[in-house]
Amino acid sequence: MRFGFMEDFRNPVKWRRPFPEFYRQILAQIARGEELGYDNIWLTEHHFTEDGYNPSLMTTAAAVAMRTQTIRIGTFIIVLPYQHPVLLAEEVANVDILSDGRFDLGVGQGYSHYEFDALCMNRSERGMRTRESISLIERLFKEDSVTFDGKFTKVKEARLSPTPVQQPAPPIWIGARGPKAITRAAEMGYHLMATIGPDPAPLYMEKLEQSGRDPSKFNIAQLRMVYCADSEDQAGEESQEQLFDMPEFDQDILSEAADAEGDDKPLPVTKPEDMRHSVLAEHFMIGTPQQVAEKLDKFQQEFRCTDFIMNTQFPGIDPARATRSMELFAEQVMPQFRDA
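Owing to the predicted nature of the structure, the values given are computational and were not obtained by experimental measurement.

Colleague: Account for the overall build of the protein chain, with residues named and values stated.
Modeller: Looking only at helices and strands, one finds 10 helices and 12 strands in the protein chain. Counting only residues that meet the buried cut, the protein chain has 56% of its 340 residues in that class. Residue pairs at least 24 apart in sequence account for 73% of intrachain contacts in the protein chain once pairs closer than 6 positions are excluded.

Right under this line is the structure:
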């Protein structure tokens, strides 16, 4: 199992820092993550949010490429319907060059009705747009010249120049939460990215086999909230307010999207101190390094995962505290699983 961490660059008003200062702190945190031996840094996007959720992943990926040497850089995820597929393919090639072949392209169809409305896009077309775009992008990676007559994009004799370092293409991942999207990811032959919820792996592996593919050649990334401190109380006290704010951000848009089972359920907590003892806590790994290791061991027994992704820089938390948590995890938790 590889270990990575996610950065969303969210900077809530309640805890706001000047954005230039905050970006410098997060880039320093990423560089420290590389020093600690993490395998991947994953970037994630939203648009038009009050907290400045990162809207420009490829720009950020280029900045990360310039600050690092070995850690892989990926998107978890780029919302593909918002992108022009040719321009995105060119940006991917550019970042793959800047990073000397360290880029992973993770894409998804998106779910926020606010974003689709703001962009005057028909949300019901998001699946079709995603499938069409990824098909064109992959052709651009692998063919010298592409003519494409799609419903949403048309190109004539388009070609990438320069091309990615990784040949024939950088790894492609699909973010999926519901059964339909999981099935499409397998049928199209891409790696899978998943978030909190039922394990998508059984369905994904079944569909891979039905499509004539070897499941052992495909990766499954799983995201969880992780925070380590010297004591359980310290870990809870340092993270509970920010953890409490996070579900509120997603609740409205997830309930509207209803992509996966449980999206329409209300939050089970009404105050920050209840977070650690709610049903949500089963998805969190909060505590001492040993407590987190025990939760990770349980997770590994219950979920198939090749790439574990930590969200530790909760929106609003002091980056120095989150970096300390990453240090404790790397020093005391990761070795227990890498040496197993």
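Colleague: Explain the pairing of strand β5 (residues 103-108) to me, and be specific about the residues and the numbers.
Modeller: For β5, the buried fraction is high: six of the six residues fall into the buried class. Burial along β5 is two-sided: the face carrying Phe103, Leu105 and Val107 and the face carrying Asp104, Gly106 and Gly108 are both buried. Here strand β3 (residues 72-75) runs beside β5; their pairing, made up of two bridges, is parallel. Bridging across to β5, Gly74 finds its partner in Asp104. Here strand β4 (residues 78-79) runs beside β5; their pairing, made up of two bridges, is parallel. When the sheet's bridge partners are listed, Val79 is paired in β5 with Gly108. Handedness of the crossover joining β4 and β5 through helix α3 (residues 85-98): right-handed.

Colleague: Describe in detail the side chain of Asp8, supporting the description with residues and values.
Modeller: Here Asp8 lies in the loop between β1 (2-7) and α1 (19-35). At 4.1 Å, Arg10 is the nearest oppositely charged side chain to Asp8, a buried residue that forms no salt bridge. A distance of 3.1 Å separates the side chain of Asp8 from the backbone nitrogen of Arg10, its partner in a polar contact. Other than its neighbours up to four places away in sequence, Asp8 contacts Thr44, Tyr53, Asn54, Gln313 and Pro315.

Colleague: Summarise the packing of aromatic side chains; cite the residues concerned and give the values.
Modeller: Counted under the stated rule, the structure contains 11 aromatic pairs. Relative to Trp173, the ring of Trp42 has its centre 5.4 Å away and its plane inclined at 80 degrees; by these criteria the two rings are edge-to-face. Taken together, the positions of Trp42 in strand β2 (residues 40-43) and Trp173 in strand β8 (residues 172-175) put the pair 131 residues apart, joining distant regions of the chain. The exposure class of Trp42 is buried, given its relative accessible area of 1%. The residue whose ring lies beneath Arg224 is Phe303, and the NZ or CZ to ring-centre distance is 4.8 Å.

Colleague: Please provide a residue-by-residue account of the pairing of strand β7 (residues 154-158), values included.
Modeller: As paired strands, strand β6 (residues 146-149) and β7 are joined by three bridges and run antiparallel to one another. Among the inter-strand pairings, Val146 is bridged to a residue of β7, identified as Ala158. Where β6 folds back onto β7 in an antiparallel hairpin, the turn is made up of four residues.

Colleague: Mind laying out helix α6 (residues 179-188), listing which residues take part and the relevant values?
Modeller: Those residues of α6 that sit buried are Ala181, Ile182, Thr183, Ala185 and Ala186. Packing partners of the buried residues in α6 comprise β8, β9 (191-194) and α7 (201-210). Looking one or two places after α6, you find Gly189, whose phi comes out positive at around 80 degrees.

Colleague: With reference to specific residues and values, describe the packing of α1 against helix α10 (residues 319-338).
Modeller: Here α1 crosses α10 at 10 degrees, and the two axes come no closer than 10 Å. Between α1 and α10, the interaxial angle falls into the category roughly parallel. Here Phe22, Gln25, Ile26, Gln29, Arg32 and Gly33 of α1 lie close against α10, whose contacting residues are Pro319, Ala322, Thr323, Met326, Glu327 and Glu331. Grouping the constituent residues of the contact of α1 with α10 by class yields five nonpolar, four polar and three charged.

Colleague: Tell me what's going on with unusual backbone geometry, and back it up with residues and numbers.
Modeller: Residue Pro162 follows Ser161 across a cis peptide bond; omega there is 5 degrees. Take Pro162: it is sitting in the loop between β7 and β8. With omega at 5 degrees, the peptide bond leading from Gln167 into Pro168 counts as cis. Along the chain, the position of Pro168 falls in the loop between β7 and β8. Of note, Asp100 is a non-glycine position whose phi angle comes to about 55 degrees, a positive value. Among the structural elements, Asp100 can be located in the loop between α3 and β5.

Colleague: Explain the nonpolar core to me, and be specific about the residues and the numbers.
Modeller: Counting 72 residues, the largest nonpolar core has Tyr38, Phe141, Tyr204, Leu296, Phe308 and Phe329 as its most contacted members. If we skip the residues at most four places from it in the chain, Leu296 touches Met1, Phe3, Met285, Phe308, Phe329, Val333 and Phe337. Formed by 11 residues, the second largest nonpolar core is a distinct cluster that contains Ala229, Phe284, Ile286 and Ala322.

Colleague: I'd like a description of the pattern of salt bridges, backed by residues and values.
Modeller: Pairing between side chains becomes possible if they bear opposite charge and their charged atoms approach one another. For the coordinates displayed, the defined rule picks out 16 salt bridges. Two residues, Arg17 and Asp318, come together in a salt bridge whose shortest N-O distance is 3.4 Å. Taken together, the positions of Arg17 in the loop between β1 and α1 and Asp318 in the loop between β12 (307-311) and α10 put the pair 301 residues apart, joining distant regions of the chain. The exposure class assigned to Asp318 is partly exposed, which follows from its relative accessible area of 30%. Salt bridges linked by common partners bring Arg32, Glu35, Arg324 and Glu327 together as one network.

Cut-off values and rules
- Residues numbered from 1 in each chain as written.
- Predicted model: local features only at pLDDT ≥ 70, side-chain atom pairs only at ≥ 80, totals over all residues.
- Heavy atoms only, no water.
- Helix = DSSP H or I, 4+ residues; strand = E, 2+ residues; numbered from the N terminus.
- Buried < 20%, exposed > 50% of the residue type's maximum accessible area, 1.4 Å probe, protein only.
- Contact = heavy atoms within 4.5 Å.
- Pairing = 2+ DSSP bridges.
- Right-handed = clockwise from strand over helix to strand, strands pointing away.
- Lys, Arg positive; Asp, Glu negative; His and termini not counted.
- Salt bridge = Lys/Arg side-chain N within 4 Å of Asp/Glu carboxyl O.
- Polar contact = N/O pair within 3.5 Å; in protein donor to acceptor, adjacent residues only side chain to side chain.
- Phe/Tyr/Trp six-rings, centres within 6.5 Å; stacked < 30°, edge-to-face > 60°.
- Lys NZ or Arg CZ within 6 Å of the ring centre and 35° of its normal.
- Axes fitted to C-alpha atoms, helices over the stretch in contact; angles between N-to-C directions.
- Parallel < 35°, antiparallel > 145°, perpendicular 65-115°, else oblique.
- Nonpolar A, V, L, I, M, F, W, Y, C, P; charged D, E, K, R; others polar.
- Core = buried A, V, L, I, M, F, W, Y, C linked by side-chain atoms within 4.5 Å.

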